[in-house]
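Residue-level structural notes
Chain by chain, the residues:
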Amino acid sequence: MSYKGLLVSTLISTFALPATSFGAFWAPHIGADYKWWGLEPNEVYEDTFPRIDHAFNFYVGTRINGYFGTDIGFEESTRKQKGQTFEGGEILFVFPENANDATDINMRIRDFHLDINFYWEVWRNFEIIFMGGLALWHIDTHINHLTDGTWIEFKNESENKAMGRIGIGAQYNIMPCLGIKFLINSDPGIRVNDIGWDQNDNWYSISPYKTAVSYNLGVVYSFANPRRHREMEEDDPYRD
């Protein structure tokens, strides 16, 4: 089954099961995170492409009965730049580089993501989060190349890439509707392709990055108490 089909099936199950079984209570929320992306170039491109470290994540979503939920969000890294002068013979794009050729690369990563979450309250107000999702990545790259003393920008047409991802985290609710959230997740950067044409219109397709482990830290604000369904049951004087 494709990532898309699996995600759609999970999303339907996430919404349908709680709604049909319990009479769902919904608690919409918004959130913002600082993200340490940790996206490193592989050994071939470590001197050519910049490391992507810092990003921001903004999302909206909802809890369902306190335990299930979904988020839709947007992430964007800060723009990074890196340059390299070649000794001659390196093959990075299509043909071997000449001595004193050089590159100047600046780029950022953007993605839209859809996540499915399960919240397990291990102590009162403290929850463990299990996340699975899908992200649509876009690599925004400008590659300038120095050839025979002349700088030329390569034409670039990098494709959007759908990436499956999983994560685990924790949330501490300092108030019923305000929480501090930490999440660790995998980002399969190895699937990012930088596609374009060099100064002689020769096509190239390279995968300069490794799979990353990312760390998010932020706050989430709920427009209703996400655990109200449970608290109403606890306060029910007729409940056994």
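Here we summarise the structure given alongside this text. (Residues numbered from 1 in each chain as written. Predicted model: local features only at pLDDT ≥ 70, side-chain atom pairs only at ≥ 80, totals over all residues. Heavy atoms only, no water.)

Once that is clear, we can look at a nonpolar patch on the surface. Side chains of Tyr172, Ile174, Met175, Ile180, Phe182, Val213, Tyr215, Leu217 and Val219 sit close together on the surface and give an oily, nonpolar patch of about 810 Å² of accessible area. Counting residues per element, the nonpolar patch draws most heavily on strand 13 (residues 212-222), at 4 residues. By relative accessible area, which is 35% here, phenylalanine 182 ends up partly exposed. (Patch = residues over 30% accessible without salt bridge, like charges linked within 9 Å, V, L, I, M, F, W, Y side chains within 5 Å. Areas by Shrake-Rupley, 256 points an atom, 1.4 Å probe, with all protein chains shown as cover. Salt bridge = Lys/Arg side-chain N within 4 Å of Asp/Glu carboxyl O. Helix = DSSP H or I, 4+ residues; strand = E, 2+ residues; numbered from the N terminus. Buried < 20%, exposed > 50% of the residue type's maximum accessible area, 1.4 Å probe, protein only.)

The residue histidine 29 is located in strand 1 (residues 26-39) in this model. A polar contact of 2.6 Å, which involves the side chain of histidine 29, links it to the side chain of aspartate 71. Apart from the residues within four sequence positions on either side, histidine 29 is in contact with Tyr59, Val60, Gly61, Thr62, Arg63, Thr70, Asp71, Tyr119, Val220, Tyr221, Ser222 and Phe223. (Polar contact = N/O pair within 3.5 Å; in protein donor to acceptor, adjacent residues only side chain to side chain. Contact = heavy atoms within 4.5 Å.)

Here the focus is the sheet that holds strand 11 (residues 194-197). Each strand in a sheet pairs with its neighbour through backbone hydrogen bonds, running either in the same direction (parallel) or in the opposite one (antiparallel). Strand order in the open sheet formed by 3 strands is 8-11-12, and the pairing between neighbours is antiparallel. Because the sheet does not close on itself, it has two edges, and the strands there are strand 8 (155-156) and strand 12 (203-206). Taken together, the 4 bridges between strand 11 and strand 12 define a ladder with antiparallel strand orientation. Note on strand 12: the bridge partner recorded for tryptophan 197 is tryptophan 203. (Pairing = 2+ DSSP bridges.)

Below, the discussion takes up the pattern of salt bridges. Following the criterion strictly, the structure yields 16 salt bridges and no others. In this structure, lysine 35 engages glutamate 75 in a salt bridge whose closest nitrogen and oxygen atoms are separated by 3.1 Å. Here the residue lysine 35 occupies a position in strand 1, and glutamate 75 occupies one in strand 3 (residues 68-77), the gap between them amounting to 40 residues. Overall, lysine 35 belongs to the buried group, its relative accessible area being 0%. Taking the shortest distance from any N to any O, the salt bridge between lysine 155 and aspartate 201 comes out at 2.9 Å. Taken together, the residues lysine 155 in strand 8 and aspartate 201 in the loop between strand 11 and strand 12 connect sequence positions 46 residues apart. For lysine 155, a relative accessible area of 47% puts it in the partly exposed group. What emerges from the salt-bridge pattern is a single network uniting Lys35, Glu75, Asp115, Arg165 and Asp187.

Another aspect to go through is the environment of leucine 217. With respect to the helices, strands and loops of the structure, leucine 217 is situated in strand 13. Residues leucine 217 and lysine 181, 36 residues apart in the sequence, show an inter-C-alpha distance of 5.8 Å. Each residue touching leucine 217, except ones within four places of it in the same chain, is listed here: Asp33, Tyr34, Ile180, Lys181 and Phe182.

Time to look at the pairing of strand 10 (residues 178-187). In strand 10, alternate side chains face the same way, and those of Gly179, Lys181, Leu183, Asn185 and Asp187 are buried while those of Leu178, Ile180, Phe182, Ile184 and Ser186 on the opposite face are not. One ladder, built from 8 bridges, connects strand 9 (residues 161-175) with strand 10; its direction is antiparallel. Bridge pairing in strand 10 places glycine 169 opposite leucine 183. Linkage of strand 9 to strand 10, two consecutive antiparallel strands, is achieved through a turn of 2 residues. Summarising the sheet, strand 10 and strand 13 pair through 10 bridges and their orientation is antiparallel.

Here the focus is the environment of glycine 88. Relative to the elements of secondary structure, glycine 88 occurs in the loop between strand 4 (80-85) and strand 5 (102-123). Put simply, glycine 88 and alanine 102 are 14 residues apart on the chain and 10.0 Å apart in space, counted from C-alpha to C-alpha. When residues no more than four places from it in sequence are discounted, the contact partners of glycine 88 are Glu97, Asn98 and Ala99.

Right, let's get into the pairing of strand 13. Here strand 13 shows one buried face, formed by Ala212, Ser214, Asn216, Gly218, Val220 and Ser222, and one open face, formed by Val213, Tyr215, Leu217, Val219 and Tyr221. Sheet topology places strand 1 next to strand 13; 8 bridges connect them, and they run antiparallel. Within the sheet, the bridge partner assigned to tryptophan 36 lies in strand 13 and is tyrosine 215.

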